[in-house]
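Observations on chain architecture
Given next are the chains, with one letter for each unit.
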Amino acid sequence: MKIHDVVRRKGDTVVTVRPDDSVEHLLALLGEHRIGALVVSEDGETVAGIVSERDVVWRLASDGAAILQGSVRDIMTTDVKTCDFDVPLEDLARTMTEMRVRHMPVVVDGKLRAIVSIGDIVKHRIDELQAERDQLVGYIQG
């Protein structure tokens, strides 16, 4: 299984935020879409960074509520690891676990195409195991 299998099932919609948008706007987008991270992009195609709800919490703890009026640029991660559609699912799961990241943008030919979360990978694997189980039960009972 490869990343494109996960994206095909979950969809390729990516919500982005601009580096100069406020953290308050970022939080509104996270809440509206019920997601945990956004890709930071000027144009919706290039990856300038990534920012998660954890980034906000950590900065709130250290700098206080004033960060809400600050820009996403001030709290985003700029060293973003990306993948493409052909990465094997197990390899990406291992990489994300080792790097302790929960979201990874999918970039093809320099353009943002999707984002996958560790939850997407786990769900895909559970669905895969359930299908295998169902096939085995059907074989045994059939």
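Quick summary incoming for the structure in this document.

Scoring rules and cut-offs
Residues numbered from 1 in each chain as written. Predicted model: local features only at pLDDT ≥ 70, side-chain atom pairs only at ≥ 80, totals over all residues. Heavy atoms only, no water. Helix = DSSP H or I, 4+ residues; strand = E, 2+ residues; numbered from the N terminus. Buried < 20%, exposed > 50% of the residue type's maximum accessible area, 1.4 Å probe, protein only. Contact = heavy atoms within 4.5 Å. Areas by Shrake-Rupley, 256 points an atom, 1.4 Å probe, with all protein chains shown as cover. Lys, Arg positive; Asp, Glu negative; His and termini not counted. Charge placed at Lys NZ, Arg CZ, Asp CG, Glu CD. Pairing = 2+ DSSP bridges. Arc of directions from axis to C-beta. Core = buried A, V, L, I, M, F, W, Y, C linked by side-chain atoms within 4.5 Å. Salt bridge = Lys/Arg side-chain N within 4 Å of Asp/Glu carboxyl O.

1. Thoughts on the overall build of the protein chain
When helices and strands are tallied, the protein chain shows five helices and five strands. Traced from its N-terminal end to its C-terminal end, the protein chain shows the element sequence α-β-α-β-β-α-α-β-β-α. Across the 142 residues that make up the protein chain, the buried fraction comes to 32%. In the protein chain, the share of contacts with a sequence separation of at least 24, taken over all contacts with a separation of at least 6, comes to 59%. Of the roughly 8800 Å² of accessible surface on the protein chain, 50% is carried by carbon and sulfur atoms. Averaging the locations of the 18 positively and 25 negatively charged side chains of the protein chain gives two centres separated by 4 Å.

2. Regarding the pairing of strand 3 (residues 49-52)
Side-chain positions along a regular strand alternate between the two faces of the sheet. Neither face of strand 3 is open: one carries G49 and V51, the other I50 and S52, and all of them are buried. When strand 2 (residues 37-40) meets strand 3, the two strands line up antiparallel, connected through four bridges. Bridge assignment links V40 to a residue of strand 3, and that residue is G49.

3. Examining the environment of V51
The topology assignment puts V51 in strand 3. For the pair V51 and T16, spaced 35 residues apart in sequence, the C-alpha separation works out to 9.7 Å. Ignoring anything within four residues of it in the chain, the contact list for V51 reads V17, L26, G36, A37, L38, V40, V72, I75 and M76.

4. Considering helix 4 (residues 89-99)
Among the residues of helix 4, those classed as buried are L89, L92 and M96. Down the axis, helix 4 shows its buried residues gathered within 65 degrees of arc, on one side only. Exposed residues pointing more than 90 degrees away from the buried face of helix 4 are listed as E90, T97 and E98. Buried residues along helix 4 sit against helix 1 (3-10), strand 4 (103-108), strand 5 (111-117) and helix 5 (118-141). Following helix 4 by one or two positions, R100 adopts a phi angle in the positive range, close to 60 degrees.

5. As for the nonpolar core
Counting residues in hydrophobic clusters, the biggest one holds 14 residues, and the most contacted among them are V17, L26, L38, V51 and V72. Elements with a contribution of two residues or more to this core: helix 2 (23-33) and strand 2. With four residues, the top contributor of residues to this core is helix 2. Here V17 is in contact with H25, L26, L29, L38, V39, V40, S41, V51 and V72, once residues within four sequence places are set aside. V7, V87, M104 and I121 belong to the second-largest nonpolar core, a separate cluster that totals 13 residues.

6. Considering the pattern of salt bridges
Throughout the structure, instances matching the rule amount to 10 salt bridges. Here D120 ties to K10 by a salt bridge, and the two come within 3.2 Å at their closest N and O atoms. Of this pair, D120 sits in helix 5 while K10 sits in helix 1, and the two are 110 residues apart along the sequence. By relative accessible area, D120 is classed as partly exposed at 21%. On the accessibility criterion, K10 (36% relative accessible area) is partly exposed. Ionic contacts of the salt-bridge type, sharing partners, join the residues R9, K123 and D127 into one network.

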